[in-house]
Amino acid sequence: MNQNPLLLGAVAYDPKVVTIWDGFQNYFDKCGLEFDYVLYTNYERQVEALAAGHIHVAWNSPLAWLQSERIAGKLGRRAEAICMRDTDRDLVSVIVTREGGPVRSVNDLKGLRVAVGAKDSPQATLIPLYHLAQCGLEPKRDFEVLLFDRLVGKHGDHIGGERDAVRALVRGDCDGACLIDSNLLLFAQEGTLPAGSVRTLATTPEYDHCNFTVMESRMSSSVELFRKLLLGMSYEDPDVRRLLDLEGPKRWLPGRTQGYHLLSRAVDHFGYLDEFTAAVAARCT
Amino acid sequence: MHIDLEDLRFEHGGALLVKRALRLAAVGETVTVAGRHPDLTVYLRAWCRTEGHKLRQVDDSGTGYAGIVRGPAADQRWCTAERAGRADPRVIGAVSDRPSQRWGLAGRGALVEAGSPEFHFALDRKMEIWSGDAARMYAQAAAAQWDPATAVPWEAAFDLPVEVEDAIVQAMTYLIENETAALVVPNRFIAQMHPHFREVIQLLAVQAADEARHIEVFTRRALLKRKELGLSTAGGQASLQTLVDEPNFAIAAFLLSVLGEGTFLNLLWFL
């Protein structure tokens, strides 16, 4: 067993997470990087572990990135997003309604009920609800929010909440539903959404999703090698392709942080992060 | 290249047309997609991201219109693929001397993606397995199939002395046991044989189907006048076990097809 590996944290939102990181461990080992990983049941635990120095890199959701960035700020440190998937860039969420139903525009949702995913899901709850607020419809004031709080702590990585939300829409239990565009496509293809059953009312601005987060200067040479190996992965390599197909991207890209502004404004609007980030910062001081 | 989906929804068939258009385009080439469904660009954006294509010129104002720049992922997936021999065994080099275990269950002649899992087919040498005659023999066997339900007049009336009927049921019981061995033996080898040698596997499979039919007619005959079968002896089973356990196909085939089936033909003529 390696004595001083680069230690990565990931959240176990699905059994395949073990297969993915075992595969990456094997790949990094062949490339000369001592690497190991720790699985957490929720992002909050992982964010605190990164801040406390228990892990060197965190495979963070966008919300976990904001949590890490804000905690780092309170500690006088700096969080860095070093790498992300090509599929993490320029996502959008959609607000959909039943095709042929009475709702013709976002404004028609006033006084009605809108289904969302888990309460900590950026893509299925925070960002689309913020978008509706920007359109003049404040959640819980101007419309009822039907929450499908599946696996809270996993920040919506488990898509069960979104699936439940659109099922509720199709059943007629609500008048609108919020989800990420890729799941709208998935649910249509798998039949969760029958042909022609819904239409899009609104599309949010683009935002970014996960990234590998580090706190500055920790294990810098290993982190640099980790990043270099990720960015060097080619979809042509069958061993790499197997891992990329499990994780979703066709290639890794350098991390960027300009795609998190929308979520940042959303959590500020809903006052979502303050208590947690202050508590973790206090414990890590 | 341009494709107009008109009223067709992307998620209900339109995706197939877009995929086809992109397949004909070169990496980096733009395919423009138009359509009248208002959600077209919503689905296109999500699909392109998943498939590794770039989406440009999005027009969300009523009529959907977008440019898709074909990404390299599909080409990258197949650029290291390998052709698993040739489908037609008459082509020179069609049948590999020792096919890769990573060709696995792929049909001979298929393009196999690199990184496919490694199988463990123990019988993988052409010299030991292959016969140029296998395809002809399989075709002959397949053409000679018969239906036990109609080939035998099962409803025909007959009346035999009790002792004779008992003897026939016993003979049928013995035959069923032997036909079962004849079914198991080729199947045992089929499971170990590399699928690259398709015609040989097909020949053994049609033989197994023949034996299954034999089991059916012997069982059916035995139960015409009786509710149960006859006796199965320890000695008989021990003899057949040596056949089932025989690891060498040539010996197993000789014992089964020449000695076993030869004896059977004599027995059936006698009956």
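Treat the numbers as computed from the prediction; the structure is a model and nothing was measured. (Residues numbered from 1 in each chain as written. Chains lettered and ligands numbered in written order. Predicted model: local features only at pLDDT ≥ 70, side-chain atom pairs only at ≥ 80, totals over all residues.)

Colleague: What is the right way to look at the sheet that holds strand 4 (residues 79-85) of chain A in this model?
Modeller: By way of backbone hydrogen bonds, the strands of a sheet pair with one another, either parallel or antiparallel. Residue and element names in this part refer to chain A. If you walk across this open sheet you meet the 6 strands as 2-1-3-10-4-11, and the pairing is mixed. The two strands at the open ends of the sheet, each matched to only one other strand, are strand 2 (35-40) and strand 11 (252-254). Neighbouring strand axes in the sheet, compared pairwise and without regard to direction, differ in orientation by 25 degrees on average. Lying over the sheet, helix 1 (residues 16-30) contacts strand 1 (6-11) and strand 2, oriented at roughly 165 degrees with respect to strand 2. Across the sheet, helix 7 (residues 220-232) touches strand 1, strand 3 (57-60), strand 4, strand 10 (211-215) and strand 11, and the angle it forms with strand 4 is around 20 degrees. (Pairing = 2+ DSSP bridges. Helix = DSSP H or I, 4+ residues; strand = E, 2+ residues; numbered from the N terminus. Axes fitted to C-alpha atoms, helices over the stretch in contact; angles between N-to-C directions. Contact = placed C-beta atoms within 7 Å.)

Colleague: Before we go on, may I ask you to explain the interface of chain B and chain A in this structure?
Modeller: One frequently used descriptor of interface size is the decrease in accessible area upon assembly of the parts. Counting residues at the interface gives 21 residues for chain B and 22 residues for chain A. Secondary-structure elements contributing two or more residues to the side of chain B that touches chain A are helix 2 (40-51) and helix 3 (73-78) of chain B. Ranked by the residues each element gives to the side of chain B that touches chain A, the list is headed by helix 2 of chain B, at 7 residues. Here the residues of the side of chain B that touches chain A sort into 8 nonpolar, 7 polar and 6 charged. (Nonpolar A, V, L, I, M, F, W, Y, C, P; charged D, E, K, R; others polar.)

Colleague: Got a minute to help me understand the domain arrangement of chain A in this structure?
Modeller: All names here are of chain A. According to the domain assignment, chain A consists of domain 1 (6-88 + 208-284) and domain 2 (93-203). On a C-alpha basis, the centroid separation for the pair domain 1 and domain 2 is 27 Å. Each side of the interface is counted separately: domain 1 has 19 residues, and domain 2 has 12 residues. Elements supplying a minimum of two residues to the side of domain 1 that touches domain 2: helix 2 (43-52), helix 3 (62-74) and helix 9 (261-270). In terms of residue count, the dominant contributor to the side of domain 1 that touches domain 2 is helix 9 (7 residues). A class-by-class count of the residues in the side of domain 1 that touches domain 2 yields 12 nonpolar, 4 polar and 3 charged. (Domains from an automatic or database assignment.)

Colleague: Mind showing me how you'd approach unusual backbone geometry here?
Modeller: Negative phi characterises most residues that are not glycine, and trans characterises most peptide bonds. All names here are of chain A. Look at Asp 90: it is not a glycine, yet its phi comes out positive at around 60 degrees. Within the secondary structure, Asp 90 sits in the loop between strand 4 and strand 5 (93-98). Within the chain, His 155 stands out as a residue other than glycine whose phi angle is a positive 50 degrees. Mapped onto the elements of the fold, His 155 is located in the loop between strand 7 (144-147) and helix 5 (160-171). Judged by local crowding, His 155 falls into the buried class, with 31 C-beta atoms found within 10 Å. (Buried ≥ 20, exposed ≤ 12 C-beta atoms within 10 Å, placed from the backbone.)

Colleague: Just to check I follow, could you spell out the environment of Gly14(B) for this structure?
Modeller: All names here are of chain B. Within the fold, Gly 14 resides in helix 1 (residues 14-24). Overall, the presence of 23 C-beta atoms within 10 Å leaves Gly 14 in the buried class. Along the primary structure Gly 14 and Leu 40 are separated by 26 residues, whereas in three dimensions their C-alpha atoms are 9.3 Å apart. Excluding its chain neighbours within four sequence positions, the residues that come into contact with Gly 14 are Leu 5, Leu 8, Arg 9 and Gly 35.

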